[in-house]
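Each chain, letter by letter, is given below.
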Amino acid sequence: MGAYFGVSTIFILCLLGFSANAEVFSIGSSSGSDITQALLKAFTSACQSPSPSKVVIPKGEFKLGEIEMRGPCKAPVEITLQGTVKADGNAIQGKEKWVVFGNINGFKLNGGGAFDGEGNAAWRVNNCHKTFNCKKLPISIRFDFVENAEIKDISSIDAKNFHINVLGAKNMTMSNIKITAPEDSPNTDGIHLGRSDGVKILDSFISTGDDCISVGDGTSNLHVEKVTCGPGHGISVGSLGRYGKEQDVSGIRVVNCTLQETDNGLRIKTWPSAACSTTASDIHFEDIIVKNVTNPILIDQEYCPWNQCNKKKASTIKLVNISFKNVRGTSGNKDAVKLLCSKGYPCQNVEIGDIDIKYSGEDGPATFQCSNVSPKLLGAQSPEACSSPLTKLPGQ
Ligand SMILES: *[C@@H]1O[C@H](CO)[C@@H](O)[C@H](O)[C@H]1NC(C)=O
Ligand SMILES: *[C@@H]1O[C@H](CO)[C@@H](O)[C@H](O)[C@H]1NC(C)=O
Ligand SMILES: *[C@@H]1O[C@H](CO)[C@@H](O)[C@H](O)[C@H]1NC(C)=O
Ligand SMILES: *[C@@H]1O[C@H](CO)[C@@H](O)[C@H](O)[C@H]1NC(C)=O
């Protein structure tokens, strides 16, 4: 169809109950049409409005091409997505983004609607998870330098690459986010963050093919609470140290979360022979339930997938002030806890609270391995802390 909607279809309403004098820009399109131009126009008008404004995408299913909604805006902007917007389903892409919200201070995104990345065909032909030399696939939703933002009641389905990428955010709260993609979809991280301060991720459900939440360099004061992950690759700080010019990570709290059927649960991973020397500190996991999770608790400072690094060199990333408290449930393999710290920079001030992780496989019982770390033990641990001889990590 690809019908484009001009100015005439964007009508401006004043609604009582939204905000004193907020303008509302509605996308007046019929289901099935392409709203890329209409949405860009509505966003641009909203962004130019001197008073708070709102863009409404109504119920229905719409096509949406690559779109960048960038500020700075004159006043706060709210986008209410009630329907579903769908990306094109082409397999070969070479594009890095689909929907971008950038440089907006005072932003809301809500409405109960969904972003459908239509990734199915692309996953099958793409090999970016194995090689650098590949056609890039678009991240579904990017927030670039968005501040004082509230993102809630939104779904992301079948992203071709990451579902949500947060870069340079300050004070952003995401809640009631639902992310789904098949377990075998490559690189479909749920929420990836980097260079951001004061992000909260609350009351959300993430079931995807790669990391549930991944925390990149330069992240500080991240709070994750009541998030359910799985399937997928769990919650991961890192990987850190792959590139030069990385920044420190500090102040990460993950509480009251459930991981079910994930490969890896709570993980901190750094590359050996790192290109930089940064510190990741003040990282705390508490009140976590794991259900049939392989490697439920894992610090891996020899992270080297596809042998892309020199494993013999010690990681130069320092891990300081880390805790795992009250982690319970079942492991999918015998490696319930593995703290494999750098031989060059042993982990400092690691606290282990109550741990109760069971494994019922025939090669059991569960193990708790430690290397280059002397954790401070609080409460009770099962398996017994640091009681097992270290075995090598399986090649990743
Ligand atoms: C954080 O952003 C929210 C809007 O989502 C705002 O209400 C709140 O005042 C901001 N907090 C600070 C400390 O600026
Ligand atoms: C987890 O939730 C329980 C029940 O609401 C609460 O008592 C506890 O303090 C929470 N844990 C953390 C670390 O916030
Ligand atoms: C645990 O997960 C594996 C797949 O990773 C599955 O084969 C197995 O049946 C699961 N076990 C239980 C007890 O759910
Ligand atoms: C680790 O915690 C100690 C005690 O709370 C504090 O003095 C120190 O500054 C922390 N180190 C880092 C790198 O955050």
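A quick note: this is a predicted structure, and the numbers were derived from the prediction, not measured.

## With respect to the nonpolar core
Moving on, step 1. Formed by 92 residues in total, the largest nonpolar core has its most connected members in Phe101 and Phe143.
Moving on, step 2. Counting the residues that make up this core, at least three belong to each of domain 1 (22-126 + 133-169) and domain 2 (210-390).

## Points about the packing of aromatic side chains
Moving on, step 1. Tallied over the full model, the rule gives 5 aromatic pairs.
Moving on, step 2. Centre to centre, the rings of Trp98 and Phe115 are 6.2 Å apart; their planes meet at 85°, and the pair counts as edge-to-face. In this pair, Trp98 is assigned in strand 8 (residues 97-102) and Phe115 in strand 10 (residues 114-116), connecting sequence segments 17 residues apart.
Moving on, step 3. Residue Trp98 is classed as buried on the basis of its relative accessible area of 5%.
Moving on, step 4. For Phe115, a relative accessible area of 3% gives the class buried.
Moving on, step 5. When the centroid spacing of 5.0 Å and the interplanar angle of 10° are considered together, the rings of Phe285 and Phe324 count as stacked.

## Remarks on the UniProt feature "active site" (unreviewed entry) in the protein
Moving on, step 1. Mapped onto this numbering, the UniProt entry annotates "active site" (unreviewed entry) at His233.
Moving on, step 2. Following the sequence through the fold, His233 ends up in the loop between strand 18 (220-229) and strand 19 (235-240).
Moving on, step 3. Polar contacts involving the side chain of His233 include one to the main-chain carbonyl oxygen of Gly209, which spans 3.3 Å.

Basis of the calculations
- Residues numbered from 1 in each chain as written.
- Chains lettered and ligands numbered in written order.
- Predicted model: local features only at pLDDT ≥ 70, side-chain atom pairs only at ≥ 80, totals over all residues.
- Heavy atoms only, no water.
- Core = buried A, V, L, I, M, F, W, Y, C linked by side-chain atoms within 4.5 Å.
- Buried < 20%, exposed > 50% of the residue type's maximum accessible area, 1.4 Å probe, protein only.
- Domains from an automatic or database assignment.
- Phe/Tyr/Trp six-rings, centres within 6.5 Å; stacked < 30°, edge-to-face > 60°.
- Helix = DSSP H or I, 4+ residues; strand = E, 2+ residues; numbered from the N terminus.
- UniProt positions renumbered as here; feature names shortened; annotations may be inferred.
- Polar contact = N/O pair within 3.5 Å; in protein donor to acceptor, adjacent residues only side chain to side chain.

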